[in-house]
Amino acid sequence: MTPPLDDAALPNRLPRPKEELEALKRAWKPTSGLGLLKEVNNNIIGVMYIGTALLFFVISGTLALVMRAQLAVPENDVLGHSLYNQFFTVHGTGMMFLFAVPIVEAIGVFLLPSMLAARDLPFPRLSAFAFWAYLFGGLAFFCSLIFEVAPDGGWFMYPPLTSMKFSPGINADFWLLGIGFIEISAIAGAIEIIVGILRTRPPGMTLDKIPVYCWSMLVMAGMIVFAFPAVIIATALLEIERAFDWPFFIAERGGDPLLWQHLFWFFGHPEVYIIFLPAAGLVSMMVPALAQRPLIGHDWVVVALVGTGFFSFGLWVHHMFATGIPPLSLSFFSAASMAVSVPAGIQVFAWIATLGKGRLQWTVATWFLLGFLFIFVAGGLTGVMVAVIPFDWQAHDSYFVVAHLHYVLIGGMVFPVFAGLYHWWPTLKGTMLSERLGRWAFWMMFIGFNVAFFPMHVSGLMGMPRRVYTYPGDLGWNALNMVSTVGAFVMAFGVLLVLIDMARDAFGRGRPAPENPWKAGTLEWIPNDDYATRSIPHVRSLYPLWDNPNLSREVQEGAHYLPGAPTRRRETIVTSPIEARPQYLMPMPGPHWSHFLAGLFTAAHFICLAVQLYWVSLVPGVLAIASVFWWVWSLDRGADHPPQDVGGGWRVPVYLQGSENHSWWGTAVLLLVDGTAFACLCFTYVFLWTVSPDVWPAGTDALPGLGWLFGEAALWVVAAGAMLLASRAVAGNRSWAMRGALLVGLLLMLAAAVAEPYNRIGSGLVASESAYGAIVYMLASWQVFHVVILVLMTGLALARSFAGRLHARRRVTFDNVMLVWLYTCGQGVVSLLLVHLFPRLAV
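Model, not experiment: these values are computed from the prediction.

A. How the structure looks around the overall build of the chain. When helices and strands are tallied, the chain shows 25 helices and six strands. Taking 2.2 N^0.38 as the reference for a compact globule, 843 residues should give roughly 28 Å; the C-alpha atoms of the chain span a radius of gyration of 28 Å, in line with that estimate. In terms of principal-axis extent, the alpha carbons of the chain reach across some 90 × 85 × 50 Å. The 843 residues of the chain split such that 60% are buried. By sequence separation, contacts in the chain at least 24 residues apart represent 81% of the contacts at least 6 residues apart. Of the roughly 31800 Å² that the chain leaves accessible, carbon and sulfur atoms contribute 70%. Each charge class in the chain was averaged separately, 47 positive and 49 negative side chains, and the resulting centres sit 12 Å apart.

B. The arrangement of the pairing of strand β5 (residues 644-647) in detail. Sheet topology note: the β5/strand β6 (residues 650-652) ladder contains three bridges and is antiparallel. Paired with Gly 647 across the two strands is Trp 650, which belongs to β6. Counted along the chain from β5 to the antiparallel partner β6, the turn is two residues long, and its residue Gly 648 has a positive phi close to 65°.

C. How the structure looks around the pairing of strand β4 (residues 582-587). By the criterion of burial, β4 is predominantly enclosed, with five of the six residues buried. In this sheet, β4 lies alongside strand β3 (residues 571-575) in antiparallel orientation, the contact comprising five bridges. When the sheet's bridge partners are listed, Thr 575 is paired in β4 with Pro 582. Between the antiparallel neighbours β3 and β4 lie six residues, among them Ala 580 with a positive phi of about 55°.

D. Broad picture of the pattern of salt bridges. Counted according to the given criterion, the structure contains 16 salt bridges. One salt bridge in this structure joins Arg 467 and Asp 397, with 3.3 Å as the shortest N-O distance. One end of the pair, Arg 467, is in the loop between α15 (435-461) and α16 (478-506); the other, Asp 397, is in the loop between α12 (389-395) and α13 (399-424), with 70 residues separating them in the sequence. With relative accessibility at 30%, the residue Asp 397 sits in the partly exposed group.

E. Broad picture of unusual backbone geometry. Omega for the bond connecting Leu 14 with Pro 15 falls within 30 degrees of zero, at -5°, which places this linkage in the cis form. By secondary structure assignment, the location of Pro 15 is in the segment before α1 (18-27). Residue Pro 160 is bonded to the preceding Pro 159 through a cis peptide linkage, with omega at 10°. Mapped onto the fold, Pro 160 is located in the loop between α4 (124-146) and α5 (171-199). A positive phi angle is found at Gln 292, which is not glycine, with a value near 55°. By secondary structure assignment, the location of Gln 292 is in the loop between α7 (257-291) and α8 (298-312). The backbone of Gln 612 sits at a positive phi, close to 65°, despite the residue not being glycine. Along the chain, the position of Gln 612 falls in the loop between α19 (594-610) and α20 (618-633).

F. Structural context of helix α22 (residues 706-731). With 26 residues, α22 ought to run about 38 Å at 1.5 Å a step, and its terminal C-alpha atoms sit 38 Å apart, in line with that. The complete set of buried residues in α22 reads Leu 709, Glu 712, Ala 713, Trp 716, Ala 719, Ala 720, Ala 722, Met 723, Ala 726, Ser 727, Ala 729 and Val 730. Just beyond α22, the residue with positive phi is Asn 733, at close to 55°.

G. The arrangement of helix α9 (residues 327-339) in detail. An ideal rise of 1.5 Å per residue puts 18 Å on 13 residues; α9 measures up with 18 Å between its terminal C-alpha atoms. Leu 330, Phe 333, Ser 334, Ala 336 and Ser 337 are the residues of α9 that are buried. Buried residues of α9 fall within an arc of 165° about the axis and therefore sit on the same side. Opposite the buried face of α9, at more than 90 degrees from it, the exposed residues are Leu 328 and Phe 332. Packed against the buried residues of α9 are α10 (341-357), α11 (364-387) and α12.

H. The nonpolar core, seen in detail. Core analysis: the biggest nonpolar cluster contains 265 residues, and Phe 99, Phe 248, Phe 264, Trp 351, Met 413 and Tyr 685 have the highest contact counts within it. The residues touching Trp 351, leaving out its near neighbours within four places in the chain, are Phe 276, Ala 280, Val 283, Ser 284, Val 287, Leu 295, Phe 372 and Leu 373. Core analysis: the second largest hydrophobic core is formed by 10 residues, Ala 27, Val 574, Met 588 and Leu 656 among them.

About the thresholds
- Residues numbered from 1 in each chain as written.
- Predicted model: local features only at pLDDT ≥ 70, side-chain atom pairs only at ≥ 80, totals over all residues.
- Heavy atoms only, no water.
- Helix = DSSP H or I, 4+ residues; strand = E, 2+ residues; numbered from the N terminus.
- Rg over C-alpha atoms; globule rule 2.2 N^0.38 Å.
- Buried < 20%, exposed > 50% of the residue type's maximum accessible area, 1.4 Å probe, protein only.
- Contact = heavy atoms within 4.5 Å.
- Areas by Shrake-Rupley, 256 points an atom, 1.4 Å probe, with all protein chains shown as cover.
- Lys, Arg positive; Asp, Glu negative; His and termini not counted.
- Charge placed at Lys NZ, Arg CZ, Asp CG, Glu CD.
- Pairing = 2+ DSSP bridges.
- Salt bridge = Lys/Arg side-chain N within 4 Å of Asp/Glu carboxyl O.
- Expected span 1.5 Å × (residues − 1).
- Arc of directions from axis to C-beta.
- Core = buried A, V, L, I, M, F, W, Y, C linked by side-chain atoms within 4.5 Å.

The following block contains the structure:
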């Protein structure tokens with residue numbers, strides 16, 4: 001007989017009322033059939049997200065197999081030159097942009113709420129929008145291959161090869177618009193993850209008790225915030241150059257192709273760690289569970305994750321050693337490239353020590369983890385080799401680099417992800433994948449991988465260049481390429497076995513899993529349902545299930561926080577970012593069509609742009625905006641219920657305003673993304689001046705007078721003041737004063753945004769004549785874009801005001817508009833100072 005729980009020290013007394021669990025189930029009941037399209041629950045969105053990422057992995061891998069068939073023998077003709085270029089571009093792009101980053105975010109969407117014992121992440125509609133945008137954008141991208149209009153400039157899309165002169169079709173546009181759009185989806189996911197980890201942790205889970213995986217996702221999401229804007233700006237600049245002939249990368253008119261490489265690799269090198277860190281976080285969670293002991297050096301592993309994220313931003317020149325960078329810069333970046341191996345080494349030693357000290361369970365996940373350690377360490381060693389400048393000069397653009405890249409990415413990410421599939425599969429629907437099939441799959445993948453990619457080190461050192469579609473038969477590469485091709489197909493059969501195993505389980509052939517089958521110590525192993533855990537546990541350690549064997553039972557019986565749905569709708573507890581103390585009860589949006597339609601129409605808008613249907617693109621563009629308005633209109637409900645008792649003596653409000661509100665945090669993170677993008681534009685301005693100062697004004701005669709600078713800056717400052725006045729009016733419930741201040745401020749911003757291009761046109765500056773004109777108009781356009789966004793946001797705030805949904809006690813929407821407004825004004829002043837003062841100081 002199970003003894004009764006001692007509920008004296010628990011947040012809620014037992015037994016709980018019978019109707020409480022029923023109310024919780026009703027609130028979180030999922031939709032079915034077509035209603036699945038409007039679902040937002042992370043348990044459903046996360047699974048669809050992971051499934052889509054695996055589908056894109058299979059498509060991209062199939063392209064790789066066709067390429068390996070082409071290279072199996074010399075002078076083969078399976079693929080022609082043009083089609084091969086499209087295949088390797090879509091393969092690389094698909095793996096990097098449509099599989100690697102999305103699947104780590106997808107796993108996060110699925111796993112994080114259960115690891116944090118949250119009902120869901122704080123912006124479920126944003127997660128759902130990110131998924132649908134990713135799905136539609138990805139399908140369109142792969143379909144471009146069917147019509148032979150796929151991009152063919154490589155996944156790095158270096159200009160001038162991808163400029164209009166050398167790529168006049170729409171192939172490059174598919175990459176630039178498609179990937180830029182999909183990266184927006186990745187940023188949406190990163191915002192969700194950052195705010196989710198910082199604000200929806202269970203009570204008691206202070207920063208030192210956060211699971212390592214959550215730390216890795218937090219660092220990864222932070223890296224996305226600061227890295228991805230660079231590639232978005234780069235793609236925007238190249239697309240504008242192609243569409244309007246603004247010469248950012250055309251050397252004859254003051255541009256520089258190296259600008260693309262700086263922006264692209266500022267994103268591209270952190271991208272490797274954006275992929276690796278979440279996988280390392282998964283490993284750091286699996287190793288203690290499989291070894292049945294806490295992770296050795298836990299704190300050092302967390303420091304290593306943060307250090308890796310920091311170092312990774314100092315390594316982008318690592319990819320540009322052969323481009324003529326000054327020797328001092330080369331030495332610095334070479335040293336930084338080697339230094340990043342230190343935090344990676346700390347993690348590897350911590351995993352090995354934990355496995356060595358523990359009582360190891362030999363599961364399929366264990367085999368994949370051991371395979372990961374072997375392959376990743378080998379890839380790390382070759383990484384140190386290419387960080388040595390003389391060696392890099394020899395191996396650059398050879399198959400040695402192809403081998404190194406795949407050892408790091410497949411070893412560092414794919415093997416841990418497959419280990420994670422087997423390890424966390426029981427949390428999906430309570431069944432287990434086949435251990436026998438899994439071991440066959442592992443050995444085929446492990447042997448196939450090494451047979452495929454190890455010979456590439458040798459062929460690269462023998463001089464075989466990458467990106468070639470065929471080769472003569474007398475260079476000594478024939479046997480090596482044949483072996484690589486055989487290995488690739490063996491590895492593919494291993495992946496196929498995993499897919500068969502998953503399909504068996506989906507059709508009901510999976511073995512029922514016991515509760516917590518690996519006897520892990522973290523919260524995701526508490527039995528879950530659509531509402532996540534029955535109650536949200538109080539956390540006192542890193543491994544709460546090991547420290548309190550009764551915890552799972554306590555949670556399931558509702559003895560911890562929020563055992564029901566007190567407001568009869570979906571909700572979760574928002575806690576403070578440091579101490580994780582309950583602050584308020586956050587109502588969560590339920591199923592809705594708006595995020596699905598927003599994703600669909602946004603994708604359609606970008607596809608129309610890619611195929612140059614510019615006027616037609618306005619239709620889905622407007623519909624996408626309307627869908628977003630529909631989406632946000634039902635949010636920001638205000639305090640529509642009295643404070644609720646969530647247990648443990650905590651009676652919390654259902655609504656908070658200002659900097660404690662989760663959407664304020666989301667907007668603040670979004671502005672970090674925006675600020676990084678603006679910093680990339682400022683970098684572009686200064687970089688282009690350093691390489692082509694001759695296209696900049698030689699004196700002040702060609703510049704607008706300083707009166708324009710002071711006048712336009714004054715407009716931005718007064719517009720910011722108008723917003724502050726509007727804020728005071730909201731606090732005093734003076735609605736008409738608020739509306740008037742907003743309208744006046746909006747007119748001032750419009751005047752400031754239009755004045756800059758107006759005076760430049762008056763001074764005779766033409767954007768297409770020089771890089772100077774292009775970047776000046778680009779900065780002005782960037783500001784105009786922000787004002788257009790603010791017109792829409794302010795319109796929403798005014799509409800809510802007229803509808804009685806915005807006042808002193810319900811002003812979250814207004815506060816978010818204010819954040820963006822003040823940021824835009826500040827950015828406007830900085831932009832003016834750069835374009836007006838820099839030429840004067842430089843001449």
